[in-house]
Amino acid sequence: MTHKTLSYLLCTTLAVSPISAYAHEANHSVLPEGVVGHIETTNVKMRFENVVIRGAQVFHGCNEELISADVLVNGQLIKQIAPNIEAPEGAFEINAEGHTLIPGLIDAHWHGVFAEATIGQLMLTGEGYWNLLAAKAQNNALSRGFTTVRDTAGPMFDIAKATDQGLIDGPRVFPSGPALSITAGHQDFRMTTDVPRAAGDLHSFERGNMFYITDGVPEVLRRTRENLMQGATQIKLMAGGGVTSAYDPIHTVQYTDEEFQAAVEATEAWGTYVTTHAINDEAVVHSIENGAKSVEHAHMATRETLQMFKDNDVWLSMQPFLDDEDAPTLNEFQKAKYKYVTDGTDFVYRTAKELGLKIAFGTDTLFSADLAKRQGAVLAKMERWFTPYETLKMATCDNAELLKLSGPLTPYPLGPLGVVEEGAYADLILVNGNPLEDLQLIGDAQKNFGMIMKDGTIYKYDME
């Protein structure tokens, strides 16, 4: 039962044609043609009680050595890894000679709603439309081999639930929900005409779970607990100035000690953690001193501050932002702030590696379907600072360790993620070739991934 054509006959196959958004009346042309982008691959969806993968070199995720073994998947978990496994009756067998079996990739800094949607789309539509955009972005991410994402701000609770219930196809989601921001902070995307607002009034974006404006300890506590109520696996605080935000200079430190500690206390009471947006050095120090367990970005951190990560067992969740083909489209105000970020990338990665920090990989793609397509290529770019093994370990084994900080709030308690081992979730990729020798294979999933499996279900199958 290894023949590709037979597998198509046995299982439901969904072929999707490229789509784009067209304004149907002249006065609706505020949404430009094509901004919705494309479904990136032709997808299949096949599920068998048992799948046996034979002949591949197996990369565990945490260990550099490849092993030659068969892998038996039963249901949603890996049941056995051993030479010459006897296939259960009716099992779907895959001849994977010449391929490397690796764990599904994990993006530790993803925004399902913001990744492909333009700002114009978000401003002019509501949560129903956002969900449709996010469902497509999630499907595309899965088609690149990203079987799990940590969503670090946005209205993703319904997307996470719909994915787990099988209503849509996409990666597993560890949702933060709407990020908490101070007034004029990094996630305050209101217009100046929206202020002053009366006490208790909510912006439409807040009602749609896009973000929460939280000033003062009582508001921080309320919104933190509301996120946890809706299913947040971690809480995101905007702790410093950002690039895409309109009001805050890059140097700003956001939230008082009391506000910050209130969020940490409320979050830890639920068994999970706070992660922060912090680019400038002062905001990073402020985050670590007040109890954050993960800091996103930190591109302006000094060596002394990076040592604080090590001393306090805090994760550095950084992105390979450079002034290159993956740089976002920005206005002049944003470009000036972005330069601070790109100027620090090389130093922080090299120093963090030298100091032995816990480093997570994430892309933080925003507002561009074209940039989102390069999710795997951004991972491959990490070989500028890390070996192929170190990079793949970061995007599998290490990122999975970060996800464990969610403790009892994990939505996926049946087994480990990010590894190929018995009892782990069957999130697997067959790479044509050896990415431990040629990391660039990861950059083009459509060309180089023969199979993508999540939770025991095959979502791409292109094996001869």
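Placed above this text is the structure.
Residues numbered from 1 in each chain as written. Predicted model: local features only at pLDDT ≥ 70, side-chain atom pairs only at ≥ 80, totals over all residues. Heavy atoms only, no water.

A. Spotlight on the nonpolar core. One finds F309 and I442 to be the most contacted residues of the largest nonpolar core, which totals 45 residues. Excluding anything up to four places from it in sequence, I442 contacts I102, L105, G376, L379, L392, V431, P435 and F449. In terms of nonpolar packing, the next biggest core, distinct from the first, is built from 27 residues, A426, L428, M453 and Y461 among them. (Core = buried A, V, L, I, M, F, W, Y, C linked by side-chain atoms within 4.5 Å. Buried < 20%, exposed > 50% of the residue type's maximum accessible area, 1.4 Å probe, protein only. Contact = heavy atoms within 4.5 Å.)

B. Representation of the pattern of salt bridges in the model. Under the definition given, this model contains 23 salt bridges. Of the charged contacts in the structure, one is a salt bridge between D343 and K339, with a shortest N-O distance of 2.9 Å. Of this pair, D343 and K339 both sit in helix α10 (residues 332-355), separated by four residues, roughly a single helical turn. Of the residues examined, D343 reaches a relative accessible area of 52% and is grouped as exposed. Each of D324, E325, D326, R374 and K381 takes part in one network of salt bridges that share partners. (Salt bridge = Lys/Arg side-chain N within 4 Å of Asp/Glu carboxyl O. Helix = DSSP H or I, 4+ residues; strand = E, 2+ residues; numbered from the N terminus.)

C. Main features of the packing of helix α9 (residues 303-312) against α10. Interaxial distance between α9 and α10 falls to 10 Å at its minimum, and their mutual angle equals 45°. One finds that α9 runs oblique with respect to α10. In this structure, α9 crosses over α10, and the sense of that crossing is right-handed. Counted together, R303, L306, Q307 and K310 of α9 and F347, V348, T351, A352, E354 and L355 of α10 form the full contact between these two elements. Among the residues forming the contact of α9 with α10, the class breakdown is five nonpolar, two polar and three charged. (Axes fitted to C-alpha atoms, helices over the stretch in contact; angles between N-to-C directions. Parallel < 35°, antiparallel > 145°, perpendicular 65-115°, else oblique. Left-handed = near helix turned anticlockwise from the far one by under 90°. Nonpolar A, V, L, I, M, F, W, Y, C, P; charged D, E, K, R; others polar.)

D. Molecular detail of the state of the cysteines. Using the criterion set out here, one finds one disulfide in the structure. Two residues share a disulfide in this structure: C62 and C397, whose sulfurs sit 2.1 Å from each other. Because the torsion about its S-S bond is 95°, the bridge between C62 and C397 counts as right-handed. Of this pair, C62 sits in the loop between β5 (57-58) and β6 (67-68) while C397 sits in helix α13 (residues 388-403), and the two are 335 residues apart along the sequence. (Disulfide = S-S within 2.5 Å.)

By themselves, these are just geometric observations and shouldn't be taken as functional.
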